[in-house]
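Next come the chains, spelled out residue by residue.
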Amino acid sequence: MGNTVAREDFEWVYTDQPHADRRKEILAKHPEIKALMKPDYNLIWVVVLMVLAQLTAFYLVKDLDWKWVIFWAYVFGSCISHSMTLAIHEISHNSAFGNSKAMWNRWFGIFANLPLGLPYSISFKRYHMDHHRYLGGDGIDVDIPTNFEGWFFCTRFRKFIWIVLQPFFYAIRPLCINPKPITRLEIINLLAQLSFDVVIYYLWGVKSIFYMLAGSVLGLGLHPISGHFIAEHYMFLKGHETYSYYGPLNLLTFNVGYHNEHHDFPNIPGKSLPLVKKIAAEYYDNLPQYNSWIKVLYDFVMDDTISPYSRMKRQLKGEVKQD
């Protein structure tokens, strides 16, 4: 259980990410894919229903025993919360209202953020766009763990703890790797979130607040859905940077598992990514893929050759434009 993993540094590569070239090639061969580059208006109603579901849950847990508050926070609240972060991911790509109404998407992201309890949406959008433009970029892509994470979380037990603490690392990593000045929209996101939290506390008390925050933390930590954090870009096979997952949890996660397809076509909503795979099957069927995020989590902990260091990293050249 205490075995130290073999890897001692990231996998440095000196080539561009593969997604831009593959996108160009696929579009030349399958131009009909361009028809999928449009908003998913159903996303709006799904998000509204998810917010209403959590508001109902806040009310229902307010008088429960603490053990049941914790139980429902993990069994139900965590699933809704994690699913909402992936709805916010969709909104960050302007999938709700389209690129022509970018600010509508920003305001809607702030609304979708409310049942999570902590401000997240606006900052996520800023850093996530960097992740797409500069995948693996040293000092830019905050999806890449810090050197401390790679160095310290190097045994099975420590990797397990790293998975449990993933929400903490995703929150603190941008401040360590690529801190950005706070924007007006981030302040609005913060104030809206604090106001919402105060109202929930005033109406229904501390158990509702605990359910909200615990659901968010538990859902992003040791949870089956959290397998996507590791499945997307950690190198279980040398030389392969992005992996797709085609299992049933895509139904709860806006098809984020179709991750090669998403990076190839970030302006296509998750709803349409299975169509991308179907149309361009010759490009995707033979790429490494997963069918279980739970197995990804298990293999990450138990495989002594895999660690937070198991990522491709690039030294970026030329001008870097960030949000």
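The model shown is predicted, which means the values in this text are computed figures rather than measured ones. (Residues numbered from 1 in each chain as written. Predicted model: local features only at pLDDT ≥ 70, side-chain atom pairs only at ≥ 80, totals over all residues. Heavy atoms only, no water.)

Caption draft 1: Representation of helix H1 (residues 19-29). Listed as buried for H1 are His19, Arg22, Ile26 and Leu27. All buried residues of H1 lie within an arc of 130° about the axis, which places them on one face of the element. Residues Asp21, Lys24 and Ala28 are exposed on H1 and point more than 90 degrees away from its buried face. Residues of H1 that are buried make contact with helix H12 (259-264) and helix H14 (281-284). (Buried < 20%, exposed > 50% of the residue type's maximum accessible area, 1.4 Å probe, protein only. Helix = DSSP H or I, 4+ residues; strand = E, 2+ residues; numbered from the N terminus. Arc of directions from axis to C-beta. Contact = heavy atoms within 4.5 Å.)

Caption draft 2: Molecular detail of the pattern of salt bridges. Counted by the stated rule, this structure contains 15 salt bridges. In this structure, aspartate 264 engages arginine 22 in a salt bridge whose closest nitrogen and oxygen atoms are separated by 2.7 Å. Separated by 242 residues along the polypeptide, aspartate 264 in helix H12 and arginine 22 in helix H1 bring together distant segments of the chain. Among the ionic pairs, aspartate 143 bridges to arginine 311, the shortest N-O distance being 2.9 Å. With a gap of 168 residues between them, aspartate 143 in the loop between helix H5 (121-133) and helix H6 (147-152) and arginine 311 in the loop between helix H15 (293-302) and strand E4 (312-314) connect regions that are remote in the sequence. A relative accessible area of 2% means that arginine 311 is categorised as buried. Each of Asp130, Arg133 and Lys180 takes part in one network of salt bridges that share partners. (Salt bridge = Lys/Arg side-chain N within 4 Å of Asp/Glu carboxyl O.)

Caption draft 3: View of the packing of helix H9 (residues 184-204) against helix H10 (residues 206-219). Following both chains from N to C, one finds H9 and H10 inclined at 135°, their axes separated by 7 Å at the closest point. In terms of their interaxial angle, H9 and H10 are classed as oblique. Residues Phe196, Asp197, Ile200, Tyr201 and Trp204 of H9 form the contact with H10, whose participating residues are Val206, Ser208, Ile209 and Met212. Residues that form the contact of H9 with H10 fall into these classes: seven nonpolar, one polar and one charged. (Axes fitted to C-alpha atoms, helices over the stretch in contact; angles between N-to-C directions. Parallel < 35°, antiparallel > 145°, perpendicular 65-115°, else oblique. Nonpolar A, V, L, I, M, F, W, Y, C, P; charged D, E, K, R; others polar.)

Caption draft 4: Region of the structure containing the UniProt feature "transmembrane region" (unreviewed entry) in the chain. The feature "transmembrane region" (unreviewed entry), as annotated in UniProt, sits at residues 43-61, 68-87 and 107-124 in this numbering. Spanning residues 43-61, this segment combines 100% helix with 0% strand, and its end C-alpha atoms are found 27 Å apart. Counted over residues 107-124, helix gives 61% and strand 0%. Its end C-alpha atoms are 14 Å apart. (UniProt positions renumbered as here; feature names shortened; annotations may be inferred.)

Caption draft 5: Fine view of the nonpolar core. Counting 38 residues, the largest nonpolar core has Val47, Met84, Trp162 and Ile230 as the members making the most contacts within it. Where this core is concerned, the elements lending two or more residues are helix H2 (42-61), helix H3 (66-92), helix H4 (102-113), helix H7 (156-164), helix H11 (227-231) and H15. Excluding residues that lie within four positions of it along the chain, methionine 84 makes contacts with Val47, Met50, Val51, Ala112, Pro115 and Leu116. If you look at the next biggest cluster of nonpolar residues, it comprises 13 residues, including Leu27, Tyr246, Tyr258 and Phe265. (Core = buried A, V, L, I, M, F, W, Y, C linked by side-chain atoms within 4.5 Å.)

Caption draft 6: Structural view of the packing of H4 against H9. Between H4 and H9, the shortest axis-to-axis distance is 9 Å and the interhelical angle comes to 30°. Comparing their axes, H9 and H4 come out roughly parallel. Taken as a pair, H4 and H9 cross one another with a handedness that is right-handed. Listed contacts from H9 to Met103, Arg106, Trp107, Ile110 and Asn113 of H4 are Leu185, Ile188, Asn189, Ala192 and Gln193. When the residues that make up the contact of H4 with H9 are grouped by side-chain class, the tally is six nonpolar, three polar and one charged. (Left-handed = near helix turned anticlockwise from the far one by under 90°.)

Caption draft 7: Main features of the environment of threonine 242. Looking at the secondary structure, you find threonine 242 in the loop between H11 and strand E2 (244-245). Residue threonine 242 is classed as buried on the basis of its relative accessible area of 6%. Threonine 242 sits 14 residues away from histidine 228 along the chain, and the two C-alpha atoms are 11 Å apart. Beyond its immediate stretch of four places on either side in the chain, threonine 242 contacts His19, Leu135, Glu232, His233, His259, Asn260 and His263. Side-chain polar atoms of threonine 242 contact the side chain of histidine 19, separated by 2.9 Å. In this structure the side chain of threonine 242 is engaged in a polar contact, spanning 3.3 Å, whose partner is the side chain of histidine 233. (Polar contact = N/O pair within 3.5 Å; in protein donor to acceptor, adjacent residues only side chain to side chain.)

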